[in-house]
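Structural characterization, general
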Amino acid sequence: MVESPSAGAQRPDVRIRLLRTVPELQQADAVLRTVWNTPDTAEPPLALDVMCALAHTGGYVAAAYLGTAMVGVTAGFRTIGDSLHSHVAGVLPAMRGRGIGAAMKSHQREWAAEAGLSSISWTYDPLIRRNAHFNLRRLGAVAEAYLPDFYGPLADGINDGDASDRLFVSWPVHGTSHGTPYGTPHAPAPLPGLAAAQPVLEADGNGEPVPRAATGGVLRCATPVDAESLRRTDPAAARRWRSAMRQALGGALENGYRIDGFDRSGWYVLRRKETPQ
């Protein structure tokens, strides 16, 4: 696969193309630096020399185009176990909310299928609502583990001054999510049991995280309204949310719960593994 329109006619005007040449990869580096708000003197989210090596050896490095403009970049590598690990994926801020991210994930899935791979994995910051909704609800990826400070300290612009806690998710290459093929747009129904779920973490009237002791069969875990803005405007509050999320969400996963999904209102829904839906 070299080039394709967005799968499922999500965005027929978006082209996704594998990158091979140094000028293309230099442009991809510039796009990623813009997405991550990385200063020229700081480490980018994926080093240019690594992208060059991946592209040259048959790894996955691709870009999304609107017309001739590169508006998104994604890159990953094959892993043990017939999987593609998507290490970075980003869309220019001005282009978000237009289906470009979904088109890039669909292209990844097509590439992985052609390569005979069975799944795609990636990590994301569990505090960021839009990423949780996109990954868990829109795509139907499965949260496998909570990874505290997974990358160690980062100085890439967007993550400065924060611990790099991540959720590790996997996405089958074949099959369906919510009754439709993976990557197909759909309107997720409200999560069952949300109203009756016990809160393990919620926000008070000032937006501060409040951990709760909860041991029911179904739990819900809150997220901040805008973690990225909070990190810039009130780093101490962002760190309090990070610590509370690690305790609540990470602790629940360690204690036998699984993440059932994410509600658009900002709640993770967790269920004991033996609890029927």
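Residues numbered from 1 in each chain as written. Predicted model: local features only at pLDDT ≥ 70, side-chain atom pairs only at ≥ 80, totals over all residues. Heavy atoms only, no water.

On to the packing of aromatic side chains, then. Using the criterion set out here, one finds four aromatic pairs in the structure. Sitting above the plane of the W122 ring, K105 keeps its charged end 3.5 Å from the centroid. (Phe/Tyr/Trp six-rings, centres within 6.5 Å; stacked < 30°, edge-to-face > 60°. Lys NZ or Arg CZ within 6 Å of the ring centre and 35° of its normal.)

Here we take up helix α6 (residues 235-254). When the terminal C-alpha atoms of α6 are compared, their 27 Å separation across 20 residues agrees well with the 28 Å that a helix rising 1.5 Å per residue should span. The sharpest bend along α6 measures roughly 25° and falls at M245. For α6, every residue scored as buried is listed here: A237, A238, W241, R242, A244, M245, A248, L249, G250, G251, A252 and L253. After α6 finishes, the residue G256 shows a positive phi value of roughly 95°. (Helix = DSSP H or I, 4+ residues; strand = E, 2+ residues; numbered from the N terminus. Expected span 1.5 Å × (residues − 1). Bend = angle between axes of the 7 residues up to and from the residue. Buried < 20%, exposed > 50% of the residue type's maximum accessible area, 1.4 Å probe, protein only.)

Turning to its location among the elements, L253 is positioned in helix α6. Look at L253 and you get buried, because its relative accessible area is 17%. C-alpha separation for the pair L253 and K273, spaced 20 residues apart in sequence, amounts to 9.7 Å. Apart from residues no more than four positions distant in its own chain, L253 is found in contact with A145, Y146, L167, R258, I259 and L270. (Contact = heavy atoms within 4.5 Å.)

A word on the confidence of the model for the protein chain. Confidence in the prediction for the protein chain averages 87 pLDDT; 85% of positions are at 70 or higher. By mean pLDDT, the top-scoring element of the protein chain is strand β3 (residues 60-66) (97), and the lowest-scoring one is strand β10 (residues 180-181) (50). Note on residues 183-187: pLDDT is under 50 here. Beyond four places in sequence and across chains, it has 10 contacts. (pLDDT = per-residue confidence, 0-100.)

This next bit is on the pairing of strand β5 (residues 83-91). Burial within β5 is extensive, with seven of its nine residues counted as buried. Pairing of strand β4 (residues 69-79) with β5, which is carried by eight bridges, proceeds in the antiparallel orientation. Note on β5: the bridge partner recorded for G72 is V91. Here β5 runs beside strand β6 (residues 119-124); their pairing, made up of three bridges, is parallel. Bridging from a neighbouring strand, S83 pairs with S119 of β6. Handedness of the β5-helix α3 (residues 100-114)-β6 crossover: right-handed. (Pairing = 2+ DSSP bridges. Right-handed = clockwise from strand over helix to strand, strands pointing away.)

Before going further, it helps to examine the packing of helix α1 (residues 22-36) against helix α2 (residues 48-56). Direction vectors running N to C along α1 and α2 enclose 130°, while the axes themselves pass 10 Å from each other. Our classification of the angle between α1 and α2 gives oblique. The element α1 and its partner α2 pack so that their crossing is right-handed. Listed contacts from α2 to L25, Q26, A28, D29 and L32 of α1 are L48, M51, C52 and A55. Residues belonging to the contact of α1 with α2 are distributed by class as follows: seven nonpolar, one polar and one charged. (Axes fitted to C-alpha atoms, helices over the stretch in contact; angles between N-to-C directions. Parallel < 35°, antiparallel > 145°, perpendicular 65-115°, else oblique. Left-handed = near helix turned anticlockwise from the far one by under 90°. Nonpolar A, V, L, I, M, F, W, Y, C, P; charged D, E, K, R; others polar.)

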